[in-house]
Amino acid sequence: MAAQVITITSGKGGVGKTTTTANLSVSLALLGKRVAAIDADIGLRNLDVVMGLENRVVYDLVDIVEGRCRLRQALIRDKKLSELYLLPAAQTRDKTAVSPNQMVDICNQLRPDFDFILIDSPAGIEQGFQNAVAPADEIAIVTTPEVSAVRDADRIIGLVEAGEKGPARLIINRIKPDMVRRGDMLDVNDVLEILGIDLLGIVPEDEHIIISTNRGMPIAHETGVPAAQAYRNIAKRLLGEDIPFMVLGSPGGFLGRLRRLMGSRPDDR
Amino acid sequence: MGFINKLLGREPVGSKDIAKERLRLVLIHDRTDISPIMLDALKADLIAVISEHLEIDRSGIEITISESKGHSRLLATIPILGKRSRY
């Protein structure tokens, strides 16, 4: 069966697109799927370092487009997972080095050999974004529970719908359960109510993610870590499984409010 | 009284309610190109017209624009206290 192309985008930078792409790619590969992860962030490539493959980059996306190598030569096999490959972005060029049609071509060449192609979109709504969404069968929008990220996600939803690429699904990243319980962070339902799209997954804020990125080994390889579980859950949903969403810091209703007002600490995670 | 309201969940407890309200307003503008200033002016005019006929609870008025399938829709929730005595 031909691969499904999923583009991970956000509008705002720094909300976790690259981390999400790396971890979903690893999670899908761990579930036995053949996965190609494409870094579409030409000029600001990072998927290679997050996946720990920066030392193996020889050719990149622009080399393929400009005919300096064949597609297969640019694909880097993961260190641990034999069915996971990275197609790195060029670092010394800009977004105009590739066109949306060329991205569609590259994905079409890859489709027969993979189950999933995940594209890490650059921030913004300009050509880099257009390149990343052009080949997409499905779009996952990453946001954090903050006003700026949610606002930008809304803009992206509008663009995705206008481009008839929808319906996009939402990944809410970096939820802090303690802050949600205090009423100081938008919760999952708040964000869904504001944006009006379907939820694909929720990922708790977790310092293990920084540690794993430091090591170049995505957290999805680990077990017993909530964030890793969150990525596995999303991967299974992409496979069509019906996986319940994690409950992260529910407001606690009447009793929760009472406890907060009485100044007692809410139950810990 | 404030305490009771907070307890019953009638009043914002944390800063997220402020975030939600601000997002709601800014997204109306982003989605429809209708500025918050224009929406405020519209709200004031609506209140003036409706107040001629009905007694309304000004603090409970909510005016928003929702968008679905390319159509914008003006939604006004205006709590009525009673009709004007001249009727």
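Look up: the structure comes first, before these words.
Residues numbered from 1 in each chain as written. Chains lettered and ligands numbered in written order. Predicted model: local features only at pLDDT ≥ 70, side-chain atom pairs only at ≥ 80, totals over all residues.

## Side note on the overall build of chain A
A tally of helices and strands in chain A yields 12 helices and eight strands. For chain A, whose C-alpha radius of gyration is 19 Å, the value lies close to the compact-globule estimate of 18 Å for 269 residues. With respect to the principal axes defined by its C-alpha atoms, chain A has extents near 70 × 40 × 35 Å. Residue burial in chain A is summarised as follows: out of 269 residues, 49% are buried. Looking at chain A alone, contacts between residues at least 24 apart form 77% of all its contacts between residues at least 6 apart. (Helix = DSSP H or I, 4+ residues; strand = E, 2+ residues; numbered from the N terminus. Rg over C-alpha atoms; globule rule 2.2 N^0.38 Å. Buried ≥ 20, exposed ≤ 12 C-beta atoms within 10 Å, placed from the backbone. Contact = placed C-beta atoms within 7 Å.)

## Details of the sheet that holds strand β3 (residues 76–77) of chain A
Residues and elements named next belong to chain A. Spatially, eight strands are ordered β3-β4-β2-β5-β1-β6-β7-β8 in an open sheet, and the strand pairing comes out mixed. Bordering the open sheet on either side are β3 and β8 (198–204), each of which pairs with just one other strand. Sheet topology places strand β6 (residues 138–143) next to strand β7 (residues 169–175); four bridges connect them, and they run parallel. Within β7, the position partnered with Val 142 by the bridge is Ile 171. Across the sheet, helix α1 (residues 17–30) lies against β1 (4–9), β2 (35–39), β4 (84–87), β5 (116–120), β6 and β7, angled at about 165° from β5, the strand it touches most. (Pairing = 2+ DSSP bridges. Axes fitted to C-alpha atoms, helices over the stretch in contact; angles between N-to-C directions.)

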